Amino acid sequence: MDTEEGLGLPLAPQRERQLIRLLWWLLRFPWQRAEDLAVALGCSRPSIHRLLALATAAGAIERLRSKRWDWYVASPRGVILVARMLQCDPGALAAQHGYTRAQLLRCLPRLADWSLCQQLLQDVLRRAPTQLTARLPAPLQISAAHGQVRWLWTWVRDYRSAFLLGQQRWPLQATALFWLGVQDLSVGAEVRRDTTTEEQQASSLCSVHLPLLLDPGLPLADEVQRLCQQVIGWVVLQARAQHQPSCPRVGPVLLLLPTGSGPAAPPRRLQLWRQAAERACQQLGLSGLAEQQAPLILAACIPPGTRLAWHSLTWHALWNERPCSLWPLLALGEGDLLPGVRSPLRSPAARARTAATRPLSQRHTRWFVASLKPSPTQQAHLPELASLSTRLGARHLQVLRHVFTLPLATTDELASVFAQPARTQATLAHLVAELRRMGCVRPVEPPSPRPQPRGGSPHWRLTERGLQLLAAVTGLPLSALASRSDAWPGEQWGQRAVRGLWRQWEHTQQLRRLLLQLIQAARQRAIWWDLAPHTRSHEDGRLTVIPDLLFAYRDAQRNVLAWIEVDRGTLKPPQYRAKWRRYLALSQRQARRLSLYLVCPDGAQSRMSHVIQQATAHQPAEYLVFRLAEWEQVQRAGTSVLHAPLWRQILPPPGRDQVTFLDP
C-alpha cells in the first residue's frame, strides 16, 4: 500500500477523518487505553474499538499488552499517514511532538501514574458543565443557557516549565496539568468561521489550569526543599493572577497522597507538604498569610484499588482536615496559556503547517527514521526499564518501595514492619525472589567479622537496576534516590546512605529491632514512622537535627510524636553537649513540645544524665521533654515498651524516675 494513497482502506470520508483524529491524538499522547481514547474523541466504546481495529489493520497503531490494560501508540507508519493527510513533513511532525524511540520507552514506566491522572480528568470533564456553568461570567451563562458554548480541554503529562517575574525564575512542576476552557459561540460566530487565528478565537474564551501533583511516597534527603520547589511556582502564579488579568489562570493545586504506611502514611506526607508550603510562603513574604494560602492547595488520599473517581476522593485544604469542594474555588477567566500547553483551538492541520514552515523534508525524515532505531549513544537501560515496567505488577513495585524505605531488612522484617498478615508472608518472599531474578534486589552480607548465620534470612538492598526502575516509575531523577559515592562494587549508583548503614551494622540492627518492637506494641494505633529522617528547623537552615527514628502514635486522648535517639557511646562529652543543645534550640524556635527519647548503652544512664544536665543548665527548656532508658531495659520490656515505667525523665526539671513512654 502506498502511503500517498491515504490509509488504503475502503472507508467513508467521515470514518477516515475519525481515524486521522485517533492517530493525531496518539501522536500527541502515546500509550492510551481504549476508554481514554473514547473520552478524548467523544466516541462510544464500540465505536472506538472499531476504529482501533481499522487502524491495526492499516498498520497505523501498535498495541502493548500489560497485566491489566491494552495500551495503544501510533506506529511510524501512522505518523507518516497523518503527515500525508495534513500535507506536512512527517519528520517535522514527529520532531514537534518528540516522537522518538527513547521518549516512547521513557513513557512506559509512568503509565500507572498517568492513568490515575487521566481517570480523574475524565471525571472532572463529566462534571464541569453542571458544576461550573453557574460560576461563569454573566455573558457566558446566557450563552450556556441557549447551548451556545463549547467546552474545551487538554492536558500535559509530567509538566516541567518556568516563568520569569522580574529577575526571578520560578519553576512549575506537576505530574499532570489540566487546562479547561469555555468558548462563547454566540459572539462573533461569523468572524470565527472565516478565521483560524488563535487570538481571534480566544477573544471569547474563559479558562483555568489545574495542576495535579502525585506524591511519590518515598523518604528522600532534603525532601522539604524538594517539595517546596514543586509548590512555590504555583503559589506565585496564583497570587499574580489576582492582580494581572492577562496572567494565566491557575486553580487550586490538587495533591494526591498514596495509601501507605511508615514514611508513606498520609499524615506524614501531609506534614512534609505543610512544611514545604510554610517554607514557600516564608520565601515569598507570606509567612503571616499561611491560612489564607490554604485553599490554594487541596489534598486527598488515593483509596485502594485501580479505579480513581472524583466522588471517591475527600478533598481538604492542606492546613486543616475539613472537607471542601473544588468547584467553588475554580474561577474561570481570560488569561494566557502556560508555556508548553498547546491550545486546543488550533486545528491539527494548522499545527502541522506550523511545524513544516521550512522545506527540511529529507533531513527531518532521515532523523525521524533514525530516531526509531536503537542508538549506541542512547541510555542503554531504557529498553530494559520499559520491559520491566510492563512485566512487573503493582505488588512488585510496592515491595521495591518497602526495600527502599527499610534497606538491609530481611523478608520477615519487611512483612512485620509493613503490617503484612501471616498468610501473605510467603507471597512477599515469592515477590522478593522474583525481583532478585530480575536483578532489582540483591542480598547483603554483614561486614566482617560478622558472618551471616547459616540458614538465616538474607538482608536485602536495591540494585542499580532497581533504583533506576523506581526512579522511572515515580518520575524522580535518579540523583534523588541514589548517588555515585554510595555505589556498591560493580555498580555506578547506590541508594543514598545505605553504605553508611551497612558499615554501622550493629546500630542499624538496633534501630530496626526497636522500630519493630514499637510497631508491635502500638498495633493499629501507630500513625507513621520515619527511620533516620532529615529534619531541619525552618528559622535557621544551619541548625540541623537528624534523629535516628521518628514515631507517631495515637493514644486514647492525644497523638504522641516521639523523637528517638539510639546511642552507642561513641561521642565525646563536648559532642554530646552540642547535640543536646541543638535539640533544645529547635524546641524553643518551634515553640511546641518536642519529646526526645534516648536509648543509651547499658550502664551509661547516670553518666548520660549528667551530660544532659550540663548541656541544658541555665537554658530555657519548657518545650523539651527528655527521657532516658538503657538498651537492655527497653529490650526486656518487649511489646510493653509503651506502658512499662522504665524511663527516667531529665527535662523539664525536676526529673523523675519510672516514667512510661506515653506519660504526659
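All of these numbers come straight from a predicted model, not from anything done at the bench.

Undergrad: In this structure, what is going on with the overall build of the protein? I would like to understand it.
TA: Along its length, the protein carries 26 helices and 22 strands. Within the protein, counting contacts between residues at least 6 apart in sequence, those at least 24 apart form 69% of the total. Looking at the protein as shown, the accessible area adds up to about 30,400 Å², and 50% of this sits on carbon and sulfur atoms.

Undergrad: Sorry, what's going on with the nonpolar core here?
TA: Buried together is how nonpolar side chains tend to be arranged in soluble globular proteins. Counting 77 residues, the largest nonpolar core has L22, W155, L256 and W315 as the members making the most contacts within it. Take this core: its biggest share by element is 10 residues, from helix α7 (residues 111-132). The contact partners of W155, leaving out residues within four places of it in the chain, are W25, F29, W114, C117, Q118, L121, A176, L177 and F178. By size, the runner-up hydrophobic cluster in this structure holds 65 residues, among which are L431, A521, Y553 and A629.

Undergrad: Just to check I follow, could you spell out the sheet that holds strand β7 (residues 297-301) for this structure?
TA: For sheets, the rule is that strands pair by backbone hydrogen bonds, running either parallel or antiparallel. Reading across from one edge, β3-β4-β5-β6-β7-β8 is the order of the six strands in this open sheet, with mixed pairing throughout. Bordering the open sheet on either side are β3 (149-165) and β8 (316-317), each of which pairs with just one other strand. For β7 and β8, the ladder comprises two bridges, and the chain directions are antiparallel. Within the sheet, the bridge partner assigned to A299 lies in β8 and is H316. The strands that helix α8 (residues 138-145) touches are β3, β4 (168-184) and β5 (205-214); relative to β4, the one it contacts most, it runs at about 45°. Against the sheet, helix α12 (residues 266-283) engages β5, β6 (253-257), β7 and β8, with an angle of about 150° to β6.

Undergrad: Looking at this model, I keep getting lost on the packing of helix α1 (residues 13-28) against helix α2 (residues 34-41). Mind explaining?
TA: Packed helix pairs are specified by the crossing angle of their axes together with the interaxial distance, meaning the distance between the axes. Following both chains from N to C, one finds α1 and α2 inclined at 115°, their axes separated by 11 Å at the closest point. As the angle between them shows, α1 and α2 are arranged roughly perpendicular. Considering the relative orientation of α1 and α2, their crossing is right-handed. Here R21, L22, W25 and L26 of α1 lie close against α2, whose contacting residues are L37, A40 and L41. Tallied by class, residues from the contact of α1 with α2 come to six nonpolar, no polar and one charged.

Undergrad: Can you walk me through the pairing of β6 in this structure?
TA: The two faces of the sheet receive side chains in turn, since in a regular strand these alternate between them. For β6, the buried fraction is high: five of the five residues fall into the buried class. Of the two faces of β6, the one carrying V253, L255 and L257 and the one carrying L254 and L256 are both buried. Here three bridges tie β5 to β6, and the two strands are oriented parallel to one another. Residue pairing in the sheet places L213 in a bridge with L255 of β6.

Undergrad: Hey, could you run me through the side chain of E491 in this one?
TA: Position of E491 relative to the elements: it lies in the loop between β12 (482-483) and β13 (494-495). Taking the relative accessible area as the measure of exposure, E491 reaches 13% and is therefore buried. Within the local environment of E491, its side chain forms a polar contact with the side chain of R442, the two groups lying 3.4 Å apart. Apart from the residues within four sequence positions on either side, E491 is in contact with R442, R461, T463 and E464.

Undergrad: Is there a simple way to think about the packing of aromatic side chains in this case?
TA: A ring pair, where both rings are aromatic, is described by two values, the distance of the centres and the angle of the planes. Taken as a whole and judged by the stated rule, the model has 13 aromatic pairs. On the basis of an interplanar angle of 15° and a centroid distance of 4.2 Å, the ring pair of Y597 and F661 is categorised as stacked. Pair noted here: Y597 is in strand β19 (residues 594-600) and F661 is in the segment after β22 (656-659), with a separation of 64 residues, a long-range link. Here Y597 falls in the buried class, since its relative accessible area comes to 1%. Using a relative accessible area of 2% as the deciding quantity, one classes F661 as buried.

Undergrad: What am I meant to see in the pattern of salt bridges here?
TA: Side-chain pairing between opposite charges can occur once the charged atoms of the two side chains come close. Under the definition given, this model contains 17 salt bridges. One salt bridge in this structure joins R442 and E491, with 3.4 Å as the shortest N-O distance. Note that R442 is positioned in strand β10 (residues 441-444) and E491 in the loop between β12 and β13, a separation of 49 residues in sequence. R648 serves as the salt-bridge partner of D657, at 3.2 Å between the closest nitrogen and oxygen. Residue classification places R648 among the partly exposed residues on the basis of a relative accessible area of 23%. Through salt bridges with shared partners, a single ionic network connects R33, E35 and D36.

Undergrad: Whenever I open this one, the confidence of the model for the protein confuses me. Can you help?
TA: Close inspection of predicted coordinates is inappropriate in any region flagged by low pLDDT. On average, the protein scores 82 in pLDDT, and the residues at 70 or more come to 84%. Contacts from residues 1-5, a stretch scored under 50 in pLDDT, to residues over four places away or in other chains number 10 contacts. Long-range and interchain partners of residues 349-378, a stretch whose pLDDT sits below 50, account for 49 contacts in this model, where long-range means more than four residues apart.

Undergrad: Help me understand the sheet that holds strand β11 (residues 459-462), please; the structure alone is not making it clear to me.
TA: The sheet built from three strands is open, its strands ordered β9-β11-β10 with antiparallel pairing. Edge positions in the sheet fall to β9 (409-410) and β10, since each has one partner strand and no second. Pairing between β9 and β11: two bridges, direction antiparallel. Bridge pairing links A409 to W460 in β11. Across the sheet, helix α19 (residues 425-437) lies against β10 and β11, angled at about 105° from β10, the strand it touches most.

Undergrad: Looking at this structure, I do not really get the pairing of β11. What am I missing?
TA: Burial along β11 is two-sided: the face carrying H459 and R461 and the face carrying W460 and L462 are both buried. The pairing of β10 with β11 spans four bridges and is antiparallel. The partner of V444 across the bridge, within β11, is H459.

Undergrad: Can you walk me through the environment of P303 in this structure?
TA: With respect to the helices and strands, the residue P303 is situated in the loop between β7 and β8. Measuring from C-alpha to C-alpha, the distance between P303 and L313 comes to 7.5 Å, with 10 residues separating the pair along the chain. Filtering out sequence-adjacent residues up to four positions away, P303 remains in contact with T259, L308, S312 and L313.

Undergrad: Explain the side chain of S115 here, please?
TA: Its place among the elements puts S115 in helix α7. When residues no more than four places from it in sequence are discounted, the contact partners of S115 are R33 and W71.

Undergrad: Looking at this structure, I do not really get the packing of helix α17 (residues 394-405) against α19. What am I missing?
TA: Where α17 contacts α19, the two axes come as close as 10 Å, and the packing angle between them is 85°. Taken together, the axes of α17 and α19 lie roughly perpendicular to each other. In this structure, α17 contributes R395, H396, V399 and L400 to the contact, and α19 contributes T427, L428, L431, V432, E434 and L435. Looking at side-chain class alone, the contact of α17 with α19 contains six nonpolar, two polar and two charged residues.

Undergrad: Looking at this structure, how should I read the environment of R274?
TA: Following the sequence through the fold, R274 ends up in helix α12. Sequence separation of R274 and C228 is 46 residues, and the distance between their C-alpha atoms is 9.3 Å. If we skip the residues at most four places from it in the chain, R274 touches L318, W319, N320 and E321. Within polar-contact distance, the side chain of R274 engages the backbone oxygen of L318 at 2.5 Å.

Conventions and cut-offs
Residues numbered from 1 in each chain as written. Predicted model: local features only at pLDDT ≥ 70, side-chain atom pairs only at ≥ 80, totals over all residues. Heavy atoms only, no water. Helix = DSSP H or I, 4+ residues; strand = E, 2+ residues; numbered from the N terminus. Contact = heavy atoms within 4.5 Å. Areas by Shrake-Rupley, 256 points an atom, 1.4 Å probe, with all protein chains shown as cover. Core = buried A, V, L, I, M, F, W, Y, C linked by side-chain atoms within 4.5 Å. Buried < 20%, exposed > 50% of the residue type's maximum accessible area, 1.4 Å probe, protein only. Pairing = 2+ DSSP bridges. Axes fitted to C-alpha atoms, helices over the stretch in contact; angles between N-to-C directions. Parallel < 35°, antiparallel > 145°, perpendicular 65-115°, else oblique. Left-handed = near helix turned anticlockwise from the far one by under 90°. Nonpolar A, V, L, I, M, F, W, Y, C, P; charged D, E, K, R; others polar. Polar contact = N/O pair within 3.5 Å; in protein donor to acceptor, adjacent residues only side chain to side chain. Phe/Tyr/Trp six-rings, centres within 6.5 Å; stacked < 30°, edge-to-face > 60°. Salt bridge = Lys/Arg side-chain N within 4 Å of Asp/Glu carboxyl O. pLDDT = per-residue confidence, 0-100.

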